[in-house]
Amino acid sequence: MEIQNEIINKDVTHDRVFIEAPDKEPYRQYYFMAVLNKHVKKIIKEIDRPLTYSIQTFGCQMNAKDSEKLAGILEKIGYVPVDSEEADFVIYNTCTVRENANLKVYGRLGYLGKLKEKNPNMIIAICGCMMQEPTVVEKIKKSYPFVDIIFGTHNIFKLAELMYIKVDADRMIIDVWKETDKIVEELPSERKYSFKASVNIMYGCNNFCSYCIVPYVRGRERSRDPKDIIAEIKSLVADGVVEITLLGQNVNSYGKTLEEPMSFAELLLEIDKIEGLERIRFMTSHPKDLSDELIEAMRISKKVCRHLHLPLQSGSSRLLKIMNRKYTKEDYLTLVDKIYTAIPDISLTTDIIVGFPGETEEDFMETLDVVKKVEFDSSFTFQYSKRTGTAAATMENQVDPEIVQDRFNRLLDLMKEISAKNANKLEGTIGDVLVEDVNKQDPSLVTGRLSNNTLVHFPGKASDIGKIIPVKLTESKGFYYFGQPLV
Ligand code: 5AD
Ligand code: SF4
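From a predicted model like this one, the values you see are computed outputs, not experimental measurements. Residue positions are given per chain, counted from 1 along the sequence in the order it is written. For naming, the first written chain is A and the first written ligand is 1, with later ones following in the order written. Local features in this predicted model are restricted to residues of pLDDT 70 or higher, and side-chain atom pairs are both shown and tallied only at a pLDDT of 80 or more, whereas totals for entire chains, interfaces and linings draw on every residue. Only heavy atoms go into the side-chain values, all of them from the structure, while hydrogens and water stay out.

## Some words on the overall build of the protein
For helices the rule is a DSSP run of H or I covering at least 4 residues; for strands it is a run of E covering at least 2, with both sets numbered from the N terminus onward. Helices and strands together make up the secondary structure of the protein, namely 13 helices and 19 strands. Using C-alpha atoms as the atom set, the radius of gyration is obtained and then compared with a globule rule of 2.2 Å times the number of residues to the power 0.38. Against the compact-globule benchmark of 23 Å for 487 residues, the protein has a radius of gyration of 24 Å, which places it among compact chains. Considering only C-alpha atoms, the protein reaches an extent of 65 × 60 × 50 Å along its principal axes. When the 487 residues of the protein are sorted by exposure, 54% land in the buried category. Long-range contacts, defined here as pairs at least 24 residues apart, represent 72% of the contacts in the protein between residues at least 6 apart. Counting 65 positive and 73 negative side-chain charges, the protein places the averaged centre of each group 1 Å from the other. Note on classification: 1.4 Å probe, protein chains only; a residue is buried when its accessible area is under 20% of the maximum for its type, exposed when over 50%, partly exposed between these limits. Whether two residues are in contact is decided by their heavy atoms, any of which lying within 4.5 Å being enough. In this count, Lys and Arg are taken as positive residues and Asp and Glu as negative ones, while His and the chain termini are left out. Every charge is mapped to an atom, namely NZ of Lys, CZ of Arg, CG of Asp or CD of Glu.

Dropping the structure here:
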């Protein structure tokens with residue numbers, strides 16, 4: 001592709017003009033976006049239709065956020081989004097936290113191969129956590145040779161450069177970094193909602209819970225500079241955002257690696273001061289790092305939402321030790337007690353793994369006991385999945401799948417019982433709802449969330465989207481409420 005001696009458009013290069021690819025990021029990527037934009041415009045003229053893209057996201061909110069960045073880059077290049085995978089550019093942003101996630105991707109890749117036979121100019125890219133595992137990349141090279149670009153979790157910012165290389169290369173482009181200390185931000189991002197957004201505050205995880213692959217595929221903890229975080233949130237607020245979710249694998253250890261260390265509680269209180277911002281959420285908290293200072297910051301803040309996701313994983317102190325979680329059942333219950341005392345209206349949710357190697361009936365009963373005592377508002381429950389490379393994968397006493405299934409069902413039954421008991425706790429009260437959408441089934445209603453994340457439907461119109469409206473919760477429907485607006 002000819003790019004030499006070409007002046008690249010000013011508007012797409014962060015107000016700078018480059019005649020060749022600069023070394024410094026993110027300018028380097030803006031340069032490639034501009035070059036590709038010209039290339040794409042030429043193709044669109046030739047084929048007389050827009051070039052389309054589709055991103056399929058698997059896994060957690062981190063991946064969802066990464067996908068917004070990928071979408072931002074593709075739109076800057078000139079692609080338009082479509083829902084279907086029958087697109088000119090398809091990206092799979094993968095997850096590998098449990099085996100099922102991997103199997104899903106392989107299954108769908110087969111289908112993508114068939115689509116590519118019909119549209120040979122289609123470009124297929126795969127990125128995300130699965131790609132950080134060398135055995136996965138080998139398998140794709142061997143069994144899915146039609147894939148065009150493979151990249152990992154550390155270099156998603158490089159999409160434009162990789163696409164640029166692919167234009168002239170008749171081979172699979174693979175660029176997966178083992179580790180990085182780089183944080184490249186300020187790239188375009190295509191937000192799903194106009195009024196809420198997520199903001200990365202840190203990357204990676206240092207905890208090495210013995211079942212978990214994340215530290216291997218997302219690398220060591222790196223915190224973003226608080227000034228950059230605040231600046232990003234201020235610019236989102238100026239753009240109409242009222243709710244932000246701060247993202248990190250373990251937000252409670254935010255700031256430890258900064259040149260001038262800062263606690264997560266301090267960061268929260270700084271963000272709390274941003275005018276125009278109404279709600280702050282964050283994910284995920286590790287119980288071992290949840291400080292009294294943070295509970296106090298949450299208590300005094302008017303903006304931090306009354307919801308805390310606090311993964312338990314197991315209620316058995318014996319298993320928690322083998323899981324390398326660094327807290328006991330008693331520590332967890334004491335922490336919950338402190339949180340409920342400081343913030344009585346808080347909603348607690350959790351993650352639980354059933355069937356970790358060596359889990360006995362007694363261990364499982366301890367988990368049920370914590371669930372009964374805490375009465376979580378909702379829980380994500382998972383059957384243990386063996387991840388090669390983690391410490392637990394080589395443990396010999398794996399639990400019989402039938403026993404795991406039975407315990408899993410019993411845990412779900414208990415959760416249902418608790419949900420039913422607490423279902424109408426808020427009936428008759430008034431709560432502020434941030435309106436997210438027009439109700440899909442009944443367009444005379446809008447749907448939004450309370451501070452504690454509960455869904456509420458009430459009469460409203462599309463122009464209410466993004467507004468916070470006081471609503472009387474008139475009727476409980478189990479997982480959600482119907483209400484009447486008070487304005
Ligand atoms: N098997 C089952 N669940 C897992 N999780 C992480 N690793 C595994 C695994 N190997 C769950 C944990 C974590 C959530 C994101 O996924 O509960 O909190
Ligand atoms: Fe995985 Fe544990 Fe890190 Fe969470 S804290 S990402 S469960 S290693």
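## Considerations on the packing of helix 1 (residues 27-47) against helix 2 (residues 61-77)
The geometry of a pair of packed helices is captured by two quantities: the angle between their axes and the separation between those axes. Axis geometry follows a simple rule: fit a line to the C-alpha atoms, using only the stretch in contact for helices, then measure angles between N-to-C directions, giving values from 0 to 180 degrees. Contact pair helix 1 / helix 2: the axes reach a minimum separation of 7 Å and the direction vectors enclose 50°. Regarding the angle of helix 1 to helix 2, the classification is oblique. Between helix 1, through M33, L36, N37 and V40, and helix 2, the contact on the second element is made entirely by I73, K76 and I77. Put simply, Ala, Val, Leu, Ile, Met, Phe, Trp, Tyr, Cys and Pro go in the nonpolar bin, Asp, Glu, Lys and Arg in the charged bin, and everything else, Gly too, in the polar bin. Looking at the contact of helix 1 with helix 2, its residues break down into five nonpolar, one polar and one charged. Orientation categories follow fixed angle ranges, with anything under 35 degrees roughly parallel, anything over 145 roughly antiparallel, 65 to 115 roughly perpendicular, and all other angles oblique.

## What to know about the site of ligand 1
Distances are taken per atom, and a residue is near a molecule or strand as soon as one of its heavy atoms is within 4 Å of it. The immediate surroundings of ligand 1 are formed by V97, R98, Y211, Q313, D351, I353, F382, Q383, Y384, S385 and R387. Polar contact is defined as a pair of N or O atoms within 3.5 Å, subject to the rule that within protein one atom must be able to donate a hydrogen and the other to accept it, and that residues adjacent in sequence are counted only when both atoms are side-chain atoms. Residue Y211 places a main-chain N or O atom 3.0 Å away from a nitrogen atom belonging to ligand 1. At 2.6 Å from an oxygen atom of ligand 1 is found a side-chain nitrogen or oxygen belonging to D351. Only the protein chains shown count as cover for residues, and the accessible areas themselves come from Shrake-Rupley with a 1.4 Å probe. Against a free-state accessible area of 400 Å², the protein chains account for coverage of 86% of ligand 1. At the level of secondary structure, the elements contributing two or more residues to the shell around ligand 1 comprise strand 13 (347-354) and strand 14 (378-383). Classifying every residue of the shell around ligand 1 gives five nonpolar, three polar and three charged.

## A look at the site of ligand 2
Near ligand 2 you find C205, N207, F208, C209, Y211, C212, V214, P215, Q249, H286 and R325, and these make up its full shell. Here the residues of the shell around ligand 2 are counted per class, giving seven nonpolar, three polar and one charged.

## Remarks on the side chain of N250
Among the secondary structure elements, N250 is positioned in the loop between strand 10 (243-247) and helix 8 (264-272). The residues contacting N250, other than those within four sequence positions of it, are M202, N207, E221, T284, H286, K288 and D289.

## Details of the pairing of strand 13
Where a strand is regular, its side chains alternate between the two sheet faces. When you tally the buried positions in strand 13, you get eight out of eight residues, the bulk of the element. Burial of the side chains of strand 13 extends over both faces: S347, T349, D351 and I353 are buried on one face and L348, T350, I352 and V354 on the other. Sheet topology note: the strand 12 (residues 307-309)/strand 13 ladder contains three bridges and is parallel. Directly across from L308, in strand 13, lies its bridge partner L348. At least two DSSP bridges between two strands are needed for those strands to be called paired. Bridge count for strand 13 against strand 14 is six bridges, and the pairing is parallel. In the sheet register, I352 faces strand 14, and the bridge partner there is T381.

## With respect to helix 11 (residues 329-342)
Compared with the 20 Å implied by 1.5 Å per residue over 14 residues, the 20 Å span of helix 11 between its first and last C-alpha is a close match. Buried residues along helix 11 sit against helix 9 (292-300), strand 12, helix 10 (317-322), strand 13 and helix 12 (361-374). A helix is expected to span 1.5 Å for every residue after the first.

## Some details on the confidence of the model for the protein
Confidence per residue, as judged by the predictor, is encoded in pLDDT with a range of 0 to 100. Of all residues in the protein, 96% attain a pLDDT of 70 or more, and the chain-wide mean is 93. Note on residues 1-16: pLDDT is under 50 here. Beyond four places in sequence and across chains, it has 37 contacts.

## Describing the environment of N119
Mapped onto the elements, N119 comes out in the loop between helix 3 (99-118) and strand 4 (123-128). Separated by 305 residues in sequence, N119 and N424 have C-alpha atoms that sit 53 Å apart. In contact with N119, not counting residues within four places along its chain, are A87 and D88.

## Points about the packing of helix 9 against helix 11
At their nearest, the axes of helix 9 and helix 11 sit 10 Å apart, and the two run at 25° to each other. On the basis of their axis angle, the class for helix 9 and helix 11 is roughly parallel. In this structure, helix 9 crosses over helix 11, and the sense of that crossing is right-handed. For the pair helix 9 and helix 11, the contacting residues are D292, I295 and R299 in the first and L335, K338, I339 and A342 in the second. Less than a right angle of anticlockwise turn of the near helix away from the far helix marks a crossing as left-handed, whereas a clockwise turn marks it as right-handed.

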